[in-house]
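# Structural description and commentary
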Amino acid sequence: MEQEKELLELALQCGFTHAAPLDVSTLHVMQEVRDMCAVNTCGMYGKRWSCPPGCGTIEECEERIRRYHGGVVVQTVGQLEDSFDVEGIQDAAKRQKEAFARMTEEMRKRYPDMLPLGTGCCQQCAECTYPDAPCRFPDKAMSSMESYGLLVNQVCTDNGLRYNHGPNTIAYTGCFLLP
Ligand code: SF4
């Protein structure tokens, strides 16, 4: 309980607007989510070690997830002027990225084997080494929840966190899995 409180406080200190304890039994790896990656709307499919297929098969991702016994879901919610507020969307995405990097650094000190699953693809390097050479920074690389087959909406809902915060808002979500 003390650890849980500390993690939630750390998440807020790192800059997230919301955080909740993660019950790993709510993590359901879904082929349909991975199939959405393969559609390649983001243009990153097959471009980074962090994204499918470089991050491993869905079975390998599930096997990795099942090694963990707890965690925390973290979220940045941005208030938009309207649904065309591109600057507001970009600002929330930037805040999520920065908070995630801060928390990853802090969490690595406490739990070197933790698994961070964030938003979007790994952006540590301008050019990823995939597939020609090993990842340059395995300790800093980050896969998305979707690349591991997790449906963000469902994970939020099942852990007491809202996915949709109402009109003219945007939410970015990630999680950290702990041994
Ligand atoms: S850390 Fe660099 S090499 Fe590794 S997955 Fe990220 S972008 Fe690619």
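Before any of the text, the structure's been laid out above.
The paragraphs below set out a description of the structure included in this document. (Residues numbered from 1 in each chain as written. Predicted model: local features only at pLDDT ≥ 70, side-chain atom pairs only at ≥ 80, totals over all residues. Heavy atoms only, no water.)

### Remarks on the overall build of the protein
Here is the rule we go by: A run of H or I in DSSP counts as a helix once it spans at least four residues, and a run of E counts as a strand once it spans at least two, with each numbered from the N terminus. Atoms counted for the radius of gyration: C-alpha only. Globule rule: 2.2 Å times residue count to the power 0.38. Throughout, exposure labels follow a simple rule: accessible area from a 1.4 Å probe, protein chains only, divided by the maximum for the residue type, with under 20% read as buried, over 50% as exposed, and the rest as partly exposed. Any pair of residues with heavy atoms lying within 4.5 Å of one another is described as a contacting pair. What sets the accessible areas is the Shrake-Rupley method with a 1.4 Å probe; for residues, cover comes only from the shown protein chains.
Scanning the protein from terminus to terminus reveals five helices and five strands. Along the protein, from the amino end to the carboxyl end, the secondary structure elements read α-β-α-α-β-α-β-β-α-β. Taking 16 Å as the expected radius of gyration for a compact globule of 179 residues, we find that the protein reaches 16 Å, a close match to that expectation. Summarising its shape, the C-alpha atoms of the protein cover approximately 40 × 40 × 30 Å along the three principal directions. A total of 179 residues make up the protein; the buried ones form 44% of that total. Taking as baseline every contact in the protein between residues at least 6 positions apart, the subset at least 24 positions apart corresponds to 78%. Surface summary for the protein: the accessible area is close to 9,800 Å², and the carbon and sulfur share equals 53%.

### Description of the site of the ligand
Note the threshold: One heavy atom within 4 Å of a molecule or strand makes the whole residue count as near it. Each residue gets one label: Ala, Val, Leu, Ile, Met, Phe, Trp, Tyr, Cys and Pro are nonpolar, Asp, Glu, Lys and Arg are charged, and the others, such as Gly, are polar.
Near the ligand the following residues occur: Arg 48, Trp 49, Ser 50, Cys 122, Gln 124, Cys 125, Cys 128, Thr 129, Cys 135, Arg 136, Phe 137 and Ala 141. Along the lines of polarity and charge, the residues of the shell around the ligand split into seven nonpolar, three polar and two charged.

### Notes on the side chain of Thr 26
Spelled out, the test is: As used in this structure description, the phrase polar contact means that two N or O atoms lie within 3.5 Å; if the pair is within protein, one of them must be able to donate a hydrogen and the other to accept it, and residues adjacent in sequence are counted only when both atoms belong to side chains.
Within the secondary structure, Thr 26 is located in the loop between strand E1 (18–21) and helix H2 (31–38). Among the polar contacts listed, one links the side chain of Thr 26 to the backbone oxygen of Asp 23, at a separation of 2.6 Å. Contacts of Thr 26, omitting those with residues within four sequence positions, involve Gln 154, Asp 158 and Asn 159.

### Side note on the sheet that holds strand E4 (residues 143–144)
Short version of the rule: When DSSP locates at least two bridges between a pair of strands, those strands are taken to pair. Lines are fitted to the C-alpha atoms to define the axes, a helix being fitted only along its stretch in contact, and any angle between axes, read from their N-to-C directions, falls within 0 to 180 degrees.
Here five strands make up an open sheet; going across it, the order is E1-E2-E5-E3-E4 and the pairing mixed. Taken across any chain shown, the strands that pair with only one partner, and hence form the sheet edges, are E1 and E4. Strand direction decides the pairing type here: strand E3 (residues 115–118) and strand E5 (residues 169–178), joined by three bridges, are antiparallel. Bridge pairing in E5 links Pro 116 to Phe 176. Its contacts with the sheet place helix H4 (residues 86–110) against strand E2 (70–79), E3 and E5, and it is angled at close to 15° to E5.

### Some words on H2
Note the cut-off: Throughout, the arc means the angular range of directions from the helix axis out to the C-beta atoms.
Residues of H2 that are buried: Val 33, Arg 34 and Cys 37. Taken down its axis, H2 places every buried residue within 100° of arc, on the same side. In this structure, H2 carries Glu 32 and Met 36 as exposed residues pointing more than 90 degrees from its buried face. Considering only its buried residues, H2 is in contact with helix H3 (58–65). Taken from the residues just after H2, Asn 40 is the one with a positive phi, measuring 65°.

### Side note on the nonpolar core
Rule in force here: As used here, the term nonpolar core means buried Ala, Val, Leu, Ile, Met, Phe, Trp, Tyr and Cys residues forming a set that is joined through side-chain atoms within 4.5 Å.
The biggest cluster of nonpolar side chains holds 22 residues, and the ones touching the most others in it are Leu 27, Leu 117, Tyr 148, Leu 150 and Leu 177. For this core, the secondary-structure elements that each account for two or more residues are H3, E3, helix H5 (152–158) and E5. If we skip the residues at most four places from it in the chain, Leu 150 touches Leu 27, His 28, Val 29, Val 33, Ile 65, Leu 117, Met 145 and Val 155. In this structure, Leu 10, Ala 11, Phe 176 and Leu 178 belong to the second largest nonpolar core, which totals 16 residues.

### As for the environment of Met 107
With respect to the element layout, Met 107 can be found in helix H4. Distance in space between the C-alpha atoms of Met 107 and Leu 178 is 9.2 Å, their sequence separation being 71 residues. Sequence-distant contacts of Met 107, defined by excluding residues within four places in its chain, comprise Leu 7, Leu 10, Val 72, Pro 112, Met 114, Phe 176 and Leu 178.

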